[in-house]
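Here's the letter readout for the chains.
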Amino acid sequence: MPRSDPHDAPEPDERDRRIAELEAENARLRRIRDALITRVESSTARKPEPYAAFEHSVILAEQVRERTEALNVAMEELKSSNKALNKARDEAETTRQRLSDAIESIADGFVLFDHSHRMIQANSRFRGFWREGSGQDIAPGTSIADISSLAVTSGLIVEEHNEPGAEGSVFLLSNGRWVQKTERPTREGGLVVLYSDITDVKNTETARREEALAEKTRLLQATVDNLSQGVVLVSPEGYPEIWNHRFLSLVGLAPEQISAQRPFLELTALSEVPLLTKAAGVPIESQALEEVRRQRDGAVIEIKTHPMPDGGFVNTYTDITERYRYAETLKESERWIRVVTDHVPALIAYVGSDMTVQFCNKVYENWYGAPDGSPLLGRALENIHSPELHRRLVPSIEKVLTGQSVTFEFEESNRHGEQRYMLRSYVPNLDDEGTVVGFFVMIRDITARRRTALALQQAYDNLEQRVKERTSALTDLNSQLRQEIDERAEVESRLRDAKLEADRANLSKTKFLAAVSHDLLQPLNAARLFTSSLLEHSFGSRAESLVRSVSTSLDDVENLLGTLVDISKLDAGVITPDITAFDLRDLINNIAREFREMAAAKGLELLFVPSSVVVLSDSQLLARILRNFLTNAIRYTDQGRILFGCRRRGDAIVLQVWDTGPGIPSDKLTEIFQEFKRIRPAGAQPDKGLGLGLAIVDKIARMLGHPITVDSVEGRGSVFGVEVPQGRLLPSKPNIESALAYNDGGLHSARVWVVDNDRAICSGMEILLQGWGCQVLTAVSLEDLENKVNVATAAVDVILADYHLDNDENGVDLVAEVNRRRPVPASVLMITANYSHELKQHIRDQGYLLVNKPVKPLKLRSALNHLMQR
C-alpha cells in the first residue's frame, strides 16, 4: 500500500471520525452475517437441499472474508495516517517556533489578530512600545478596539495623521517617537499589523522642509527688495513679516522703526501715508482696498491692499507721480482742444479704424445727435447716419481708408429735417508703419454760398427768358382769358372722372389686400414658428433677450398687419358673420384673463363681473370688439382701474368697458371712429397703433347690427359699450376651441406629418414640433409626401396640413386622399389664413380641427394635445 505524504496526513478530528465510521461499518457487517446464518439454520417453511445450503454458506463466508480484508486495509491506512499526523504535528511545531523567532527578529512592532480581530501573537518590539509609552502590557485575546481605546486613554498616542495616498496611519507617541501603522489582511480573515519607527525619517523631512522654507523666505525677500513698489506683508496677528526698503522710503519710516515684533497698527502713527490696516472685527474684503494720497512735497502714492487666505494682507505702495502729472496734462490738453473745436463753425470728428466715432465737437453732436440726447462717442457711423446717407458715404470712406485724402460735397438733412449743402473733407491718420488707423472728418455748411451761386446762375440764365415771357404774357393775356372758361369746364369734368377712378381703385385695393392675406401672413407665420423654436432653447441671457425682442417686434407686425387685413376685409365685404346663441361666461372670463396681465404690467387694476347670460351674435367678431375696447382703455389710462362687465337693457345686453383715463372731448366722440383718426391726450407718449381699432369696431358693429355707445368726461374717464340681443341656447356640438384652452397633455414621441407649400414654414414647424418631442415628417405636396413615406401603412398620429397648396390643390382634398388609403383615418389639424365662414364650416363638417394663421405656438400645442387625447 503506498505511503502517504506527511503533509497530506489528516487532522486529529478527521482521523477520529474515520475510525468511528470504520468501526460502525464492521459492526453492521457482523450483524448482517449473523442474520444470514440464523435465517439459513432456522428456516421452517422449506428445507433447502444440502448442496444449496452449502453453496449459500460458502458465498456468505466469501463475503465476510472480503469485508474483513477491507476492514484490515482501512486499519492499515489509519495507522499510516496517524504516523503522518504525528510527523506533521512535529513539523508544524518546528515551523511555529521558526515563525515566532522570525517575528521576534523583525525590527518593527508585529501583531497578529484572528478572524475575530483578537490578538494572537505579538513580538517584543510591539510590547516595548506599550511599556515605554504607558507602562502597560497587552495580553493575547485583546481586541483591536480595546487596544485603540487604551492607546488614547493611556496617553500613549499624542497625535494621529491620516495622509491621503499613504499606506497607513502615522502616530506621534508620548515619548516623542513617530510610528507608522500598516495593516494587511490574512487568508482566513485575520489581520497582520506592523508598527514601524519612522522618527529619523520624520526628523529628516522636518529639517528639509524648514530648510526649503528658509530658502523660499530668502528668495521672497530678495524678490521684494528688487521691486520698484513698496511692499509689506502683514500676518493675521497684525505683525509685519516681510518688507522692502522701497516701502520704508515711500511711507517715511526709518529701518529701526519697524520690526517683526512691533504691531503694524503702531506704524500708522509714524507715517503720513495711510497704511490701510485691517479694522478689528471687520473682514478685509468689506473695506476700501485702494487709495491714492498726494503728499506735501507733491508726490502721489497709490496704496492697494490685497487680502490673504489665512487672514493676513499685503500692502503695495507705488509712486505714480509722473503718471498722475501726465494724465493731468492730457486732461488739460483735451479740455483746450475741446474748447477750440467747440467754437469752430464746422463739424469736426475723428473716426477709428472700427468705424466708430472717437471724438467730435459740439457742432457735430448737435447736427447728428439723437433726439434722446445719447452721446455719439463709441457709436458706429452706420448707426449715426441714415441708411441712405451712409450708403452715399461708403465710397468716400473706402477711399480714405486706402490712405487718400477726400473732399466732396452733397446735400443732406440734419435731425430736424433741414436740407443743407455740406462740404466734407476726410484726412487719413497713418501710424509709423503707414497703416491707416482712422481718419479726421471736417464738414462745413456751404448752403448759403451754394444757394447764392445757384441763384446768380439762374438769374443770369433766365434774365433774357423772363423778358421774353413777360412780353409774350402781355400778348397772350386776352387769349388766355378766353380759354379759361372752357378749361374750367373741362377740369371739372376731369375731376369727376378722377374721383370715380379713385373710388374704383380704392375698392380694388381693398379687395386685393383682403384676397392676398394668405400670402401676407405666410412669411410672418414662418418667422413666428422660428422665433418660438428659438425661445424653446437656451443660448444665454443676451441671446434670449434678443430673441424675445424679435418675438415682440413680430407681435407688433402681426397686430398691425392683422389690423390692415381686417379693415380691408371689412371694406371688401368678404367677412360673413356666424350668428349663433352662446353663453357669455367663457367669453368674458377668457378675455378678462387675457388682459389682466397687460393691465397689471402698467400698474392698473382690471375688474370684471362674470355673467352667464345667453346672447345672439358672432362670438369671434364680438370678442374683437371687446378686445379693442380693453386695448384702448389700457393704452390711454395711466393710473386707476378698468371695469369690464355687462348689464341688461330691455331685451338686450350691453357689454361695457369703463376706465379712469383722461377722457375724450365731447366734440371728438364721433371722430374717433374714423379711420386713422386718433385723439392723443397732451403729454402722452406715441405708440405703435394705426388709429384703426375703433374704425374696425364700428364696421363690425354695423355688420352685426349691434349699436355702439360711448360716453366720456374729460379728466375722469370713458365708457364704451356694445348692445347685443339676448338669445336662447340650443343643443350644439362641443366647443372644441374652448376645450383647447385647458388641454395640456404630452406630445412626446407623437408622429406628425406636416404638409405646406412653403418650405420655410415646413422647416420652422419641424424645429418647433421637434422641440416638443414630436417625430416630424414634412412635405410640400401629396406627391412629395408619397416619395418620403407609404401614406397607406406608415404610422402617424396627426396630419397638420395647410389649406392653400400649389397647383390649385388644397389641404382638405389631400388629407381626404391620404385617409381614403388608410385602414384607420388619421386625426387632422387644418391651418389657413382664410377667415371666411364658408371654409370654416366646410372644415368643421369634415370633422377636422381648424387653426388660423399666423399660428400661435400655445394654441397649436393645445390643439395637438387635444387630437392626441382624442
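Please refer to the structure placed before this passage.
(A) How the structure looks around the sheet that holds strand β9 (residues 290-294). Reading across the sheet, the 5 strands line up as β8-β7-β11-β10-β9 and stay open at both edges, with antiparallel pairing between neighbours. The open sheet is flanked by β8 (240-243) and β9, the only strands paired with a single partner. Taken pair by pair, the neighbouring strands of this sheet meet at an average axis angle of 20°, ignoring direction. The pairing of β9 with strand β10 (residues 300-307) spans 5 bridges and is antiparallel. The partner of E290 across the bridge, within β10, is K304. Across the sheet, helix α5 (residues 199-225) is in contact with β7 (230-234) and β8; its angle to β8 comes to roughly 55°.

(B) Local environment of helix α21 (residues 811-821). For α21, the full list of buried residues reads G811, V812, L814, V815, V818 and N819. Projected onto a plane normal to the axis of α21, the buried residues spread over an arc of 160° and lie on a single side. For α21, the exposed residues lying more than 90 degrees away from the buried face are D813 and R820. Buried residues in α21 make contact with β24 (751-755), α20 (782-788), β26 (798-802), β27 (827-832) and α22 (837-845).

(C) Quick peek at the packing of helix α16 (residues 619-636) against helix α17 (residues 693-704). The geometry of α16 relative to α17 is characterised by a closest axis approach of 10 Å and an angle of 150° between their N-to-C directions. Taken together, the axis directions place α16 and α17 in an arrangement best described as roughly antiparallel. In this structure, α16 crosses over α17, and the sense of that crossing is left-handed. Contacts between α16 and α17 involve L621, L622, R624, I625, N628, F629 and N632 on the former and, on the latter, G693, L694, I696, V697, I700, A701, M703 and L704. Looking at the contact of α16 with α17 residue by residue, the class counts come to 11 nonpolar, 3 polar and 1 charged.

(D) Local environment of the sheet that holds strand β5 (residues 178-185). Read across the open sheet, the 6 strands follow the order β2-β1-β6-β5-β4-β3; overall the sheet is antiparallel. Lying at the two open borders of the sheet, with one neighbouring strand each, are β2 (119-122) and β3 (157-161). Direction aside, neighbouring strands of the sheet carry axes that sit 25° apart on average. Bridging between strand β1 (residues 109-113) and β2 involves 3 bridges; their strand directions are antiparallel. For L112, the partnering residue across the bridge sits in β2 and is Q121.

(E) Summary view of the packing of aromatic side chains. With the rule as written, the count across this model stands at 7 aromatic pairs. A ring pair is formed by F247 and Y317, whose centres lie 5.2 Å apart and whose planes are at 50°; its orientation type is tilted. Of this pair, F247 sits in helix α6 (residues 245-251) while Y317 sits in strand β11 (residues 313-319); the two residues are 70 residues apart in sequence, bridging distant segments of the chain. Here the two residues F247 and Y317 agree in accessibility, since each one is buried. Plain terms: the ring middles of F264 and F313 are 6.2 Å apart, the flat faces sit at 70° to each other, and that makes the pair edge-to-face. Of this pair, F264 sits in helix α7 (residues 264-267) while F313 sits in strand β11, and the two are 49 residues apart along the sequence. Exposure remark for F264: the relative accessible area of 2% places this residue in the buried category.

Scoring rules and cut-offs
Residues numbered from 1 in each chain as written. Predicted model: local features only at pLDDT ≥ 70, side-chain atom pairs only at ≥ 80, totals over all residues. Heavy atoms only, no water. Pairing = 2+ DSSP bridges. Helix = DSSP H or I, 4+ residues; strand = E, 2+ residues; numbered from the N terminus. Axes fitted to C-alpha atoms, helices over the stretch in contact; angles between N-to-C directions. Contact = heavy atoms within 4.5 Å. Buried < 20%, exposed > 50% of the residue type's maximum accessible area, 1.4 Å probe, protein only. Arc of directions from axis to C-beta. Parallel < 35°, antiparallel > 145°, perpendicular 65-115°, else oblique. Left-handed = near helix turned anticlockwise from the far one by under 90°. Nonpolar A, V, L, I, M, F, W, Y, C, P; charged D, E, K, R; others polar. Phe/Tyr/Trp six-rings, centres within 6.5 Å; stacked < 30°, edge-to-face > 60°.

The analysis is restricted to geometry; functional conclusions fall outside its scope.
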